[in-house]
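Fold and contact review
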Amino acid sequence: MIKKEYREEIYLIALVLLGLYLSLIENIIPKPFPWMKIGLSNISVLIALEKFNSKMALQTILLRVFIQALMLGTLFTPNFIISFSAGLVSTLFMIFLYKFRNYLSLLSISCISAFMHNLLQLTVVYFLMFRNISLNSKSIIIFIIFFLGLGVIMGLVTGVIATRLNLKRNR
């Protein structure tokens, strides 16, 4: 029999690997923009939060982002900064929303968190690369609305998948 502390570490490793594999699968799926991702790797974070706790969810996202950056050679590049900051803050927001799990479904938590993730990505990208550009342009506003809307749709997809897993919290 595996000791409880080792069991949690094994689950953490499995969730990080799941997130990495789902992220790699996403790279194969055709996208309207090369940088756009569905967010399938967030399923591992939702599983960690639903089945375990907020600590496991934070560890899952942080380890996945760092390992993925090491594997792709993008550690401390703008892509890493965008992914890390948006992933961390949206996971913290997801953890906050999870405190209201009696009132919010996993689907709604996923959608709201995906919206926040994309909003944070846009904010970080703006401050890293485009802070001298005015946001009052009609085409930029349309792009922002489109990008945020796609985030909600992708959050819906990951939320449906996580909900269909019918997870029960370990006690």
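Let me sum up the structure you'll find in this document. Just so we're clear, the structure is a prediction, and the values are computed from it rather than from any experiment.

1. Quick word on helix H4 (residues 78–98)
Its 21 residues give H4 an end-to-end C-alpha distance of 30 Å, which sits within 8% of 30 Å, the value for a rise of 1.5 Å per residue. For H4, every residue scored as buried is listed here: Phe80, Ile82, Ser85, Ala86, Gly87, Ser90, Thr91, Met94, Ile95, Leu97 and Tyr98. Among the structural elements, helix H2 (42–52), helix H3 (54–72) and helix H5 (106–129) are those in contact with the buried residues of H4.

2. Looking at the packing of aromatic side chains
Considering all chains together, one arrives at nine aromatic pairs under this definition. Ring centres of Phe93 and Phe96 lie 6.3 Å apart, and the angle between their planes is 35°; on these two criteria the pair is classed as tilted. Of the two residues, Phe93 and Phe96 both sit in helix H4, three residues apart, roughly one turn of that helix. Residue Phe93 is classed as partly exposed on the basis of its relative accessible area of 25%. Here Phe96 falls in the partly exposed class, since its relative accessible area comes to 42%. Put simply, the rings of Phe66, Phe76, Phe80 and Phe84 touch in pairs and so form one group of aromatic residues.

3. As for H2
Turn by turn, an α-helix covers 3.6 residues, leaving residues three or four places apart pointing in a common direction. Burial analysis of H2 places nine of its 11 residues in the buried class, the great majority of the element. Those residues of H2 lying buried are Ile43, Ser44, Val45, Leu46, Ile47, Ala48, Leu49, Glu50 and Phe52.

4. Here we look at a nonpolar patch on the surface
A surface patch of nonpolar side chains, about 610 Å² in accessible area, is lined by Ile13, Leu17, Tyr21, Leu24, Met71 and Leu72. Elements with a contribution of two residues or more to the nonpolar patch: helix H1 (4–28) and H3. Sort the elements by how many residues they give to the nonpolar patch and H1 lands first, with four residues. Mapping Met71 onto the fold places it in helix H3.

Rules behind the numbers
Residues numbered from 1 in each chain as written. Predicted model: local features only at pLDDT ≥ 70, side-chain atom pairs only at ≥ 80, totals over all residues. Heavy atoms only, no water. Helix = DSSP H or I, 4+ residues; strand = E, 2+ residues; numbered from the N terminus. Expected span 1.5 Å × (residues − 1). Buried < 20%, exposed > 50% of the residue type's maximum accessible area, 1.4 Å probe, protein only. Contact = heavy atoms within 4.5 Å. Phe/Tyr/Trp six-rings, centres within 6.5 Å; stacked < 30°, edge-to-face > 60°. Patch = residues over 30% accessible without salt bridge, like charges linked within 9 Å, V, L, I, M, F, W, Y side chains within 5 Å. Areas by Shrake-Rupley, 256 points an atom, 1.4 Å probe, with all protein chains shown as cover. Salt bridge = Lys/Arg side-chain N within 4 Å of Asp/Glu carboxyl O.

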